[in-house]
Amino acid sequence: MKDYKQSYEYYQQAKEMAEKLFSPDDPMFAHVYSGLGVCYSNLGELDKAIECHTLALNIRKNAYGDTHPILGGVFNNLAMAYYKTGDFSLAKDYYDKAVKIWADAYGEDNSRFVTLYGNIALMYVEQGEIDTAIRYYEEALRVSKKLYGDDSPITEEVLPSLYSALESLVNQSPTEENKKRLADFMADKVPACIVISGGPAYEQGLRGKCVVMEYCGWTIDSGKAMFHLVAPTAGKPKDIALMHDGKIDNYHFEDRIGVRWVLWIVSAERKQEMMAEYRKWKK
């Protein structure tokens with residue numbers, strides 16, 4: 001729920017209880033410190049986050065040794081905290097440690113790598129190293145497709161990040177090759193949203209997955225996705241056209257929509273059919 005203040009309070013209670021029940025080097029404390037570290041990181045208290053993750057790392061090393069795969073999660077957490085401080089060198093070092101320890105334990109087609117590669121890619125995006133970021137997003141996508149398939153929610157959530165990186169590459173270097181790369185990527189995909197139960201979209205009768213036809217001036221005819229408009233329009237009134245159960249309708253939202261944004265892999269033929277249906281509806 002991303003309520004990190006409430007989460008922090010519960011982890012503090014857990015810590016106080018653990019102090020009465022366990023020795024300071026018990027692995028239970030590593031779990032608590034990791035949770036506190038995530039809370040501190042998301043609350044912007046990065047020094048405290050790094051301190052907590054370091055305590056968790058030391059406890060787990062003492063309990064399980066230097067090569068146990070349980071350390072991978074702590075390495076990932078430390079990398080994310082250092083990345084947020086702007087210390088990319090240390091962040092890369094800890095990400096490398098997480099990759100190695102998990103690859104040695106599970107192989108590189110393990111589900112952990114979907115999130116890990118996505119985190120690493122985001123770091124490279126922030127540094128402007130878009131080509132490298134794309135490689136990591138493509139690896140995350142490869143693992144997700146292999147483990148979960150094209151239609152899984154996990155795969156569909158990796159795709160927008162890869163799309164955004166490819167779009168950034170075109171903006172950074174608008175060569176014909178890069179434009180074609182983006183166009184080829186989008187040839188069999190449409191932007192869509194998955195309705196969250198109980199949210200505003202749900203209250204308007206929407207269910208499941210809906211294809212986005214129009215979004216605040218953007219249309220599916222543009223050949224691109226509309227993700228760059230989501231953040232600027234957050235909390236503002238917006239008019240959207242969605243295809244739900246094969247029917248296109250207009251919807252108005254005063255602020256929140258209550259959806260998860262995804263790219264839906266269809267076929268190139270089906271995408272063309274959807275665009276033709278949109279043009280007919282618009283006319």
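Residues numbered from 1 in each chain as written. Predicted model: local features only at pLDDT ≥ 70, side-chain atom pairs only at ≥ 80, totals over all residues. Heavy atoms only, no water.

Okay, unusual backbone geometry next. Even without a glycine there, the phi angle at Cys216 is positive, about 50 degrees. Within the fold, Cys216 resides in the loop between strand 2 (209-215) and strand 3 (218-219). By relative accessible area, which is 32% here, Cys216 ends up partly exposed. In this model, Asp245 sits at a positive phi of 55 degrees, which is unusual for a non-glycine residue. (Helix = DSSP H or I, 4+ residues; strand = E, 2+ residues; numbered from the N terminus. Buried < 20%, exposed > 50% of the residue type's maximum accessible area, 1.4 Å probe, protein only.)

Next up on the list: the packing of aromatic side chains. In total, this model carries 12 aromatic pairs according to the counting rule given. Taking 5.6 Å as the distance between ring centres and 85 degrees as the angle between the ring planes, the aromatic pair formed by Tyr215 and Trp261 counts as edge-to-face. Of this pair, Tyr215 sits in strand 2 while Trp261 sits in strand 6 (residues 259-265), and the two are 46 residues apart along the sequence. Neither residue differs from the other here; Tyr215 and Trp261 are each classed as buried. Stacked on the ring of Tyr106, the Lys or Arg Arg112 has its end atom at 4.1 Å from the ring centre. The residue whose ring lies beneath Lys189 is Phe185, and the NZ or CZ to ring-centre distance is 4.1 Å. (Phe/Tyr/Trp six-rings, centres within 6.5 Å; stacked < 30°, edge-to-face > 60°. Lys NZ or Arg CZ within 6 Å of the ring centre and 35° of its normal.)

Time to look at the environment of Ala81. One can find Ala81 in helix 4 (residues 71-85). A relative accessible area of 0% means that Ala81 is categorised as buried. Measuring from C-alpha to C-alpha, the distance between Ala81 and Gly44 comes to 9.4 Å, with 37 residues separating the pair along the chain.

Okay, the environment of Tyr251 next. Its location among the elements puts Tyr251 in strand 5 (residues 247-253). Residue class for Tyr251 comes out buried when judged on its relative accessible area of 11%. Sequence separation of Tyr251 and Ile240 is 11 residues, and the distance between their C-alpha atoms is 5.2 Å. Residue contacts for Tyr251: discarding those within four places in its chain leaves Gln204, Leu206, Lys238, Asp239, Ile240 and Leu242. (Contact = heavy atoms within 4.5 Å.)

With 87 residues, the main nonpolar core has Met213, Tyr215 and Trp261 as its most contacted residues. Leaving out residues up to four positions away in the same chain, Trp261 has contacts with Pro160, Ala192, Cys193, Val212, Tyr215, Met226, Phe227 and Val230. (Core = buried A, V, L, I, M, F, W, Y, C linked by side-chain atoms within 4.5 Å.)

Bringing the pairing of strand 5 into the picture now. Taken together, the 7 bridges between strand 4 (residues 238-244) and strand 5 define a ladder with antiparallel strand orientation. Paired with His244 across the strands is Lys247, a residue of strand 5. Linkage of strand 4 to strand 5, two consecutive antiparallel strands, is achieved through a turn of 2 residues, within which Asp245 is found at a positive phi near 55 degrees. (Pairing = 2+ DSSP bridges.)

On to helix 11 (residues 268-282), then. Compared with the 21 Å implied by 1.5 Å per residue over 15 residues, the 21 Å span of helix 11 between its first and last C-alpha is a close match. Within helix 11 the residues assigned to the buried category are Lys271, Met274, Met275 and Tyr278. Buried residues along helix 11 cover an arc of 95 degrees about the axis, so they all sit on one side. Away from the buried face of helix 11 by more than 90 degrees, exposed residues Glu269 and Lys280 are located. (Expected span 1.5 Å × (residues − 1). Arc of directions from axis to C-beta.)

Before going further, it helps to spend a moment on the layout of surface pockets. One number sums up the size of the largest pocket: a volume of about 1100 Å³. Lys2, Asn119, Leu122, Glu157 and Ser161 are, among the 34 residues lining the largest pocket, the residues nearest its centre. For the lining of the largest pocket, the secondary-structure elements that each account for two or more residues are helix 2 (27-42), helix 4, helix 6 (112-126), helix 7 (130-148), helix 8 (153-172) and strand 6. At 6 residues, the largest contribution of residues to the lining of the largest pocket is made by helix 8. Across the lining of the largest pocket, the residue classes tally to 19 nonpolar, 10 polar and 5 charged. Volume-wise, the second largest pocket comes out at about 170 Å³. In this structure, the second largest pocket is lined by 13 residues; those nearest its centre are Val230, Ala234, Asp255, Arg256 and Ile257. Here the lining of the second largest pocket is built from residues that sort into 7 nonpolar, 3 polar and 3 charged. (1 Å grid on protein atoms, 1.4 Å probe; cavity = no way out; pocket = protein on both sides within 12 Å on 5 of 7 lines; lining within 4 Å. Points joined across faces, edges and corners; volume = space filled by probe spheres on them. Nonpolar A, V, L, I, M, F, W, Y, C, P; charged D, E, K, R; others polar.)

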